[in-house]
Amino acid sequence: MRVIIKNNAADCSSWVAGYICYRIKTAKPTAKKPFVLGLPTGSTPLGVYKELIKLYQNKKISFEHIVTFNMDEYIGLSPEDKNSYHHFMYENFFNYININKKNIHILNGQTKDYAQECDNYEKAIKAYGGIDLMLGGVGSDGHIAFNEPFSSLSSRTRIKTLAPSTIKDNSRFFDNDVTKVPTQALTMGVGTIMDSKEVIIMATGENKAEAIHQAIEGSINHVWTITALQQHRYGIIVCDEAAVKKLSPSTIEYFKSIEERLK
């Protein structure tokens, strides 16, 4: 596991955006062999999307041959709903870059057949040869995507009932009213995410400190689904100083010294 520790959230966003840009350029994607990105929503990746938009506007990167798969979507919200993840992605990213709309994949939370929708999503990812780079955040309880505590670490895309802590955390997007937050969502499974060739998980703020402690120094277990990243060949955690407050000083020093030598 590689751990990048930055001073603040802005520095984390800048590093991740630069890394994504580097990976895309290195891959030299084409129409026949696009670069496949897995993408999250929420407040954590907003800075990354802003940085990527700047890079596009400055002609540092093109999204012409990029395919995207979003991690999850609420059940029951239409794509036009301001709180849907469809709306979030277009308003904060897709509307400002040159991505082909046919290359955008987001789970349909209004489907009549959840199982079929999830199965089709898995097949679509496989048809592209898998996800090249998955970007994600982590909940305060250690969940990735909507894989709540006690989710199977080999799970695939499926329907999930949201934990009370997740509903509370996400109520900030629903006028701080927990009754307005959908109680279920369609989500990539932990196994789906870990099948990606590379995975970056971002965490900023002191409220993520316990999740980061478990992810790096804890044991692999289904209570903290982020711990599955320990088994990934190319897993990266990018976090700020506030998010590493529960790590031991020696652990922090180890990862900082590694990155210093890589400069």
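As shown above, the structure is provided for reference.
Residues numbered from 1 in each chain as written. Predicted model: local features only at pLDDT ≥ 70, side-chain atom pairs only at ≥ 80, totals over all residues. Heavy atoms only, no water.

**Focus on the nonpolar core**
Move 1: Among the nonpolar cores identified, the biggest contains 39 residues, and Met188 and Ile193 are the most heavily contacted of them.
Move 2: When contributions to this core are tallied by element, the ones reaching two or more residues are β1 (2–6), β3 (66–70), α4 (114–127), α6 (190–194), β9 (199–203), α7 (209–217), β10 (235–240) and α8 (249–262).
Move 3: Ranked by size, the runner-up nonpolar core spans 33 residues in total, among them Cys12, Leu37, Ile97 and Ile104. (Core = buried A, V, L, I, M, F, W, Y, C linked by side-chain atoms within 4.5 Å. Buried < 20%, exposed > 50% of the residue type's maximum accessible area, 1.4 Å probe, protein only. Helix = DSSP H or I, 4+ residues; strand = E, 2+ residues; numbered from the N terminus.)

**Observations regarding the layout of surface pockets**
Move 1: If you add up the space inside the largest pocket, you get close to 430 Å³.
Move 2: Together, 25 residues line the largest pocket, and Thr41, Gly42, Val138, His143 and Asn170 are the ones closest to its centre.
Move 3: Per-element accounting of the lining of the largest pocket gives the leading share, three residues, to helix α5 (residues 164–170).
Move 4: By volume, the second largest pocket is sized at about 260 Å³.
Move 5: Elements that contribute at least two residues to the lining of the second largest pocket include exactly β1, α1 (9–27) and α8. (1 Å grid on protein atoms, 1.4 Å probe; cavity = no way out; pocket = protein on both sides within 12 Å on 5 of 7 lines; lining within 4 Å. Points joined across faces, edges and corners; volume = space filled by probe spheres on them.)

**Topic: the pattern of salt bridges**
Where charged atoms of side chains with opposite charge meet at close range, the side chains can pair.
Move 1: Per the counting criterion, the structure on display carries 11 salt bridges.
Move 2: Residue Arg156 pairs with Glu122 through a salt bridge whose shortest N-O separation is 3.1 Å. Taken together, the residues Arg156 in the loop between β6 (133–137) and β7 (158–161) and Glu122 in helix α4 connect sequence positions 34 residues apart.
Move 3: Note on Arg156: relative accessible area 34%, which makes it partly exposed.
Move 4: Taking the relative accessible area as the measure of exposure, Glu122 reaches 17% and is therefore buried.
Move 5: Note that Lys180 is salt-bridged to Asp175, the shortest N-O span being 3.0 Å.
Move 6: Several salt bridges share partner residues, and in doing so they unite Glu122, Arg156 and Asp195 into one network. (Salt bridge = Lys/Arg side-chain N within 4 Å of Asp/Glu carboxyl O.)

**Description of the side chain of Thr225**
Move 1: Turning to its location among the elements, Thr225 is positioned in the loop between α7 and β10.
Move 2: A polar contact is formed between the side chain of Thr225 and the backbone nitrogen of Ile144, at a distance of 3.3 Å.
Move 3: A polar contact of 3.0 Å, which involves the side chain of Thr225, links it to the backbone oxygen of Asn147.
Move 4: Contact partners of Thr225, with chain neighbours within four places excluded, come to Gly142, His143, Ile144, Asn147, Glu148, Ser151, Leu153 and Val190. (Polar contact = N/O pair within 3.5 Å; in protein donor to acceptor, adjacent residues only side chain to side chain. Contact = heavy atoms within 4.5 Å.)

**Points about the sheet that holds strand β4 (residues 72–74)**
Move 1: What the three strands build is an open sheet, ordered β4-β8-β7; its pairing is antiparallel. Strands with a single pairing partner mark the edges of an open sheet, and in this sheet they are β4 and β7. Taken over all neighbouring pairs, the strand axes of this sheet differ in orientation by 30° on average, direction set aside.
Move 2: One ladder, built from three bridges, connects β4 with strand β8 (residues 184–187); its direction is antiparallel. Bridging from a neighbouring strand, Glu73 pairs with Leu186 of β8. (Pairing = 2+ DSSP bridges. Axes fitted to C-alpha atoms, helices over the stretch in contact; angles between N-to-C directions.)

**What about the sheet that holds strand β2 (residues 35–39)?**
Move 1: The seven strands lie next to each other as β1-β10-β9-β6-β2-β3-β5, forming an open sheet whose pairing is parallel. The outermost strands of the open sheet, each flanked by one partner alone, are β1 and β5 (104–105).

**A short note on the environment of Leu107**
Move 1: Mapped onto the elements, Leu107 comes out in the loop between β5 and α4.
Move 2: Along the backbone, Leu107 and Lys82 are 25 residues apart, and their C-alpha atoms lie at a distance of 16 Å.
Move 3: In this structure, Leu107 is in contact with Met71, Asp72, Glu73, His86, Glu117, Tyr121, Thr157, Leu186, Thr187 and Met188, ignoring residues within four places of it in sequence.

**Structural notes on the packing of aromatic side chains**
Move 1: Enumeration according to the criterion identifies 14 aromatic pairs in this entry.
Move 2: Ring centres of Phe63 and Phe93 lie 5.6 Å apart, and the angle between their planes is 90°; this geometry places the pair in the edge-to-face category. Linking Phe63 in the loop between α2 (46–57) and β3 with Phe93 in the loop between α3 (85–92) and β5, this pair joins segments that are 30 residues apart in sequence. An identical accessibility class is assigned to Phe63 and Phe93; each is buried.
Move 3: Plain terms: the ring middles of Phe69 and Tyr128 are 6.0 Å apart, the flat faces sit at 70° to each other, and that makes the pair edge-to-face. In this pair, Phe69 sits in strand β3 while Tyr128 sits in the loop between α4 and β6, placing the two residues 59 residues apart along the sequence.
Move 4: On the accessibility criterion, Tyr128 (34% relative accessible area) is partly exposed.
Move 5: Three or more aromatic residues joined by ring pairs form one cluster here, namely Tyr49, Tyr56, Phe63, Tyr90, Phe93 and Phe94. (Phe/Tyr/Trp six-rings, centres within 6.5 Å; stacked < 30°, edge-to-face > 60°.)

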